[in-house]
Amino acid sequence: MMEIVLAVTAVILSLAAAGAILRIARGPSLLDRVLASDVLLSILGAALCVDMAVNRHLNNLMLLVALSIIGFIGSVTVARFVADRREQLHES
Amino acid sequence: MSPEPAALDTVIDTVSAVFMIVGSLMSLAAAVGLLRFPDLLSRMHAATKPQVLGLFLLLASIGLQMRTWWVWPVLLVAWIFQLLTVPVSAHMVGRAGYRTKHLHRELLSSDDLEAVVQKAAAKASREDASDGGRQD
């Protein structure tokens, strides 16, 4: 049964990753791309979770936490950077 | 007594399989929302909301598959961490999107930030005017 679940979740997560990558490629603004890459990162985390659950190990748990830290820092930094740059443009 | 553990095993396996598939479908929902929604703010909703439930379901399926109690606190910490970080990053992205005007105003049903921005702009222009008066 676990093999079937693994196959189904692999297909679903591949479709989701394809959608996120399509939005990264097409996204009209920088913030859309940041958001889509955040989603791609959490899809990666979901894939790690499925791997841990199917194969019954916990090797990736710290990697999962680190992944969410990286996503958080990345999107907050880029959002802050965009805001600051536009403000300076507005003032000048 | 003997058939009990096997039946329980099957039930736990089924529940965790359902959790895994639904959790993956949450990721798919986020991606579909990213592709289909018209502007940044609605895409932000689609990107951040399903992921928390999806991660919760996947972590629960890990906990069910491991069949031990000590993993649950670790998984809970991972999930709480996600709960703390996701709203902050969504807020920052939404704020930056509002400031850089990446939104369709006609799609908003109410804009609570508009009044605050107008008030701040009026205050800034008042201060500018008083500063200018002092310089002249």
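Residues numbered from 1 in each chain as written. Chains lettered and ligands numbered in written order. Predicted model: local features only at pLDDT ≥ 70, side-chain atom pairs only at ≥ 80, totals over all residues. Heavy atoms only, no water.

1. Concerning the overall build of chain B
When its secondary structure is counted, chain B shows four helices and zero strands. Mapped from its N terminus to its C terminus, chain B presents α and β elements in the order α-α-α-α. Scaling as 2.2 N^0.38, a compact globule of 136 residues should have a C-alpha radius of gyration of about 14 Å, whereas chain B reaches 24 Å, well beyond that. With respect to the principal axes defined by its C-alpha atoms, chain B has extents near 95 × 35 × 20 Å. For chain B, buried positions account for 37% of its 136 residues. Counting contacts in chain B only where the partners sit at least 6 residues apart, residues at least 24 apart contribute 60% of the total. Looking at chain B as shown, the accessible area adds up to about 8,100 Å², and 68% of this sits on carbon and sulfur atoms. Placing the 12 positive and 12 negative side-chain charges of chain B at their respective mean positions leaves the two points 4 Å apart. (Helix = DSSP H or I, 4+ residues; strand = E, 2+ residues; numbered from the N terminus. Rg over C-alpha atoms; globule rule 2.2 N^0.38 Å. Buried < 20%, exposed > 50% of the residue type's maximum accessible area, 1.4 Å probe, protein only. Contact = heavy atoms within 4.5 Å. Areas by Shrake-Rupley, 256 points an atom, 1.4 Å probe, with all protein chains shown as cover. Lys, Arg positive; Asp, Glu negative; His and termini not counted. Charge placed at Lys NZ, Arg CZ, Asp CG, Glu CD.)

2. Digging into helix α2 (residues 40-66) of chain B
Residue and element names in this part refer to chain B. The end-to-end C-alpha distance of α2 is 39 Å, a good match for the 39 Å that 27 residues give at a rise of 1.5 Å each. Gln-51 marks the point of greatest bend in α2, at about 25°. Immediately beyond the C-terminal end of α2, within one or two residues, lies Arg-67, with a positive phi of roughly 60°. (Expected span 1.5 Å × (residues − 1). Bend = angle between axes of the 7 residues up to and from the residue.)

3. Overview of the packing of aromatic side chains
Residue and element names in this part refer to chain B. In total, this model carries one aromatic pair over all chains according to the counting rule given. Ring geometry for Phe-56 against Trp-79: centres 4.9 Å apart, planes inclined by 45°, an arrangement best described as tilted. Here the residue Phe-56 occupies a position in helix α2, and Trp-79 occupies one in helix α3 (residues 71-99), the gap between them amounting to 23 residues. (Phe/Tyr/Trp six-rings, centres within 6.5 Å; stacked < 30°, edge-to-face > 60°.)

4. Some details on unusual backbone geometry
For Arg56(A), which is not a glycine, the phi torsion comes out positive at approximately 55°. Among the structural elements, Arg56(A) can be located in the loop between α2 (30-55) and α3 (61-91). Despite not being glycine, Arg67(B) has its phi angle at roughly 60°, a positive value. Given the relative accessible area of 30%, Arg67(B) is considered partly exposed.

5. Concerning the pattern of salt bridges
This structure, assessed with the given rule, holds four salt bridges over all chains. A salt bridge links Asp32(A) to Arg43(B), with the nearest nitrogen and oxygen atoms 2.7 Å apart. Of this pair, Asp32(A) sits in helix α2 while Arg43(B) sits in helix α2, on two different chains. Of the two residues, Asp32(A) and Arg43(B), neither departs from the other in class, the shared state being buried. (Salt bridge = Lys/Arg side-chain N within 4 Å of Asp/Glu carboxyl O.)

6. A word on the nonpolar core
The tendency in soluble globular proteins is for nonpolar side chains to be buried as a group. Core analysis: the largest hydrophobic core is formed by 45 residues, its most contacted members being Met20(B), Leu59(B) and Ile62(B). Broken down by secondary-structure element, the contributors of at least two residues to this core are α1 (2-26), α2 and α3 of chain A together with α1 (3-36), α2 and α3 of chain B. In terms of residue count, the dominant contributor to this core is α2(A) (12 residues). Those residues in contact with Ile62(B) that lie beyond four places of it in its chain are Cys49(A), Met52(A), Ala53(A), Leu58(A) and Leu75(B). (Core = buried A, V, L, I, M, F, W, Y, C linked by side-chain atoms within 4.5 Å.)

7. Description of empty space enclosed by the protein
The tally for this structure, following the rule as stated, stands at two cavities of 30 Å³ or more. Of the voids in this model, the largest cavity is the one considered here, and its volume is about 330 Å³. Lining the largest cavity are 26 residues, and of these Asp38(A), Ser42(A), Ser68(A), Gln82(B) and Val86(B) sit closest to its centre. Residue assignment for the lining of the largest cavity shows that the elements contributing at least two residues are α2 and α3 of chain A together with α2 and α3 of chain B. With seven residues, α2(A) is the single largest residue contributor to the lining of the largest cavity. A class-by-class count of the residues in the lining of the largest cavity yields 14 nonpolar, 11 polar and one charged. (1 Å grid on protein atoms, 1.4 Å probe; cavity = no way out; pocket = protein on both sides within 12 Å on 5 of 7 lines; lining within 4 Å. Points joined across faces, edges and corners; volume = space filled by probe spheres on them. Nonpolar A, V, L, I, M, F, W, Y, C, P; charged D, E, K, R; others polar.)

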